[in-house]
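# Secondary and tertiary structure notes
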Amino acid sequence: MIGRWQNTSLSITTTLEDATIAFVLNFAKLCYHLVKSGNIKISAIMEANNTLHFPDLGDVTIDQERAETFGLMTVSQDGVRLECEFRHLSLAEYLTALHVHVSGEKIGRAHV
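Throughout what follows, the structure given in this document is the object of discussion. These numbers come from a predicted model, not from an experiment.

### Description of the overall build of the protein chain
Across its full length, the protein chain carries three helices and seven strands. In the protein chain, which comprises 112 residues, the proportion classed as buried is 27%. Contacts in the protein chain between residues far apart in sequence, at least 24 positions, make up 47% of those at least 6 positions apart. Total accessible area on the protein chain stands at roughly 7400 Å², and carbon and sulfur atoms take up 54% of it.

### Thoughts on the environment of Lys29
Turning to its location among the elements, Lys29 is positioned in helix α1 (residues 18-37). As a C-alpha pair, Lys29 and Val100 span 71 residues in sequence and 8.5 Å in three-dimensional space. Apart from the residues lying within four places of it in its own chain, the contact partners of Lys29 are Asp59, Val60 and His99.

### Things to note about the pairing of strand β3 (residues 41-47)
Where β3 and strand β7 (residues 81-86) come together, four bridges link them in antiparallel fashion. Residue Ile42 lies in a different strand from β7, and its bridge partner there is Cys84. What sits between β3 and strand β4 (residues 51-53) in their antiparallel hairpin is a turn of three residues, with Asn49 showing a positive phi close to 60 degrees.

### Some thoughts on the pattern of salt bridges
On inspection of all chains with the given rule, the structure shows three salt bridges. Salt-bridge contacts for Glu83 lead to Lys41; the nearest nitrogen and oxygen are separated by 3.7 Å. Here Glu83 is found in strand β7, whereas its partner Lys41 is found in strand β3, with 42 residues between them in sequence. Residue Glu83 is classed as partly exposed on the basis of its relative accessible area of 27%. With a closest N to O distance of 3.9 Å, Glu85 and Arg87 form a salt bridge.

What counts and what doesn't
- Along each chain, residue indices are assigned from 1 in the same order as the chain's sequence is written.
- The predicted nature of this model means local features are confined to residues of pLDDT at least 70 and side-chain atom pairs, given and counted, to a pLDDT of 80 or more, with totals for whole chains, interfaces and linings taken over all residues.
- For the side-chain quantities, the full set of heavy atoms in the structure was used; hydrogens and water were omitted.
- Put simply, DSSP marks the helices as runs of H or I at least four residues long and the strands as runs of E at least two long, and each gets a number from the N terminus on.
- Accessibility here uses a 1.4 Å probe with only protein chains present; expressed as a share of the type maximum, an area under 20% marks a residue as buried, one over 50% as exposed, and anything in between as partly exposed.
- Here, residues are in contact when the closest pair of their heavy atoms is within 4.5 Å.
- Accessible areas in this description were obtained via Shrake-Rupley with a 1.4 Å probe; residue shielding takes into account the shown protein chains only.
- When DSSP finds two or more bridges between two strands, those strands count as paired.
- Salt bridge criterion: a side-chain nitrogen from Lys or Arg within 4 Å of a carboxyl oxygen from Asp or Glu.

Next comes the structure, spelled out in structure tokens:
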């Protein structure tokens, strides 16, 4: 399935691939959890095809190459696990808003 985005004021239509849509939605969910927890780092496990899996977040997986493009995040090795660090906090906040809009989850601090 290919998603479509249309700007009605300019009559421009853009087609998005399923992989791009999945990446943005999963990255937005990841950002939501980072903003909610107040952390900029999270552990991940490398799976097939350079896919990062975040076991603390359930089924959240993202493509590492896409995530590291333009410095969205950096990935470093820490033993078996990988450590992912996010540097663009304003982008994380924006994607958090996207996740809240799409999922209906509420924004609030995690109980520590």
